[in-house]
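# Observations on the model geometry
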Amino acid sequence: MKDSWEKLYSECSSCRACPLCETRTNCVFGVGSKCSDILFVGEAPGDNEDKSGVPFVGRAGKLLDEYLCEVGICRDNVYITNILKCRPPKNRDPLPSEEDACIAYLERQIALLQPKLIVCLGRISAMRLISRNFKISREHGLWFDYNGIPITAVYHPALLLRDPRKKGEMLIDMQNIRKRIDEI
Ligand code: URA
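None of these values were measured; they are calculated from a predicted model. (Residues numbered from 1 in each chain as written. Predicted model: local features only at pLDDT ≥ 70, side-chain atom pairs only at ≥ 80, totals over all residues. Heavy atoms only, no water.)

## Some points on the layout of surface pockets
Each pocket or cavity is described by its volume, and for the largest pocket that value is around 620 Å³. Lining the largest pocket are 26 residues, with Glu43, Ala60, His156, Ala158 and Arg162 sitting closest to its centre. Within the residue set of the lining of the largest pocket, elements represented by two or more residues are helix 2 (47-52), helix 3 (59-70), helix 5 (123-129) and helix 7 (157-162). Residue contributions to the lining of the largest pocket peak at four residues, all from helix 7. Split by residue class, the lining of the largest pocket holds 10 nonpolar, eight polar and eight charged. (1 Å grid on protein atoms, 1.4 Å probe; cavity = no way out; pocket = protein on both sides within 12 Å on 5 of 7 lines; lining within 4 Å. Points joined across faces, edges and corners; volume = space filled by probe spheres on them. Helix = DSSP H or I, 4+ residues; strand = E, 2+ residues; numbered from the N terminus. Nonpolar A, V, L, I, M, F, W, Y, C, P; charged D, E, K, R; others polar.)

## A short note on empty space enclosed by the protein
Summed over the entire model, instances satisfying the criterion amount to one cavity of 30 Å³ or more. The volume enclosed by the largest cavity comes to roughly 120 Å³. As for the largest cavity, its lining consists of 14 residues, of which Cys15, Cys18, Cys86, Cys102 and Tyr105 are closest to the centre. Ranked by residues supplied to the lining of the largest cavity, first place goes to helix 4 (residues 96-113) with four residues. Partitioning the lining of the largest cavity into residue classes produces 11 nonpolar, no polar and three charged.

From the geometry alone we can't say anything about function, so treat these as descriptive.
Right under this line is the structure:
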């Protein structure tokens, strides 16, 4: 049967494929425009996202919004989701088994959205979607290929909160992403 956003959301929100379903408040499916050409993919929901069911609404999300605004991208015009749809306890890194259990939801989101650009937010997303050996400090801002779709990675906004010295590089990467969008 043909896939649809409704079918996918319904399966995802009742998913019991890994133990994170036991501790989630909400499945954090994704937010934004389902006709967008641009997809942002973070790591996993945090506490605020688990409570609200919406990705990137906490401090890291606010910082992401500032960068989007700074380069003239409206949050409502892009689609934002995560590798994991449920929150790992104490915000620990996703386990490979959790990523394996969850990745089909993202793959189906990509198939439905058919984005023209994908932006990984942070190394976890880049290591899953670009290359297992991805080094965020060396390779952020470079362009790669994801099944025919141009893909890049930027620093995770939570990292920028911990290490503000990287904010200049983040702005340059976001400005370059903006230029790529203008060329679509
Ligand atoms: N960090 C992420 O990677 N995703 C969110 O949704 C929130 C914080």
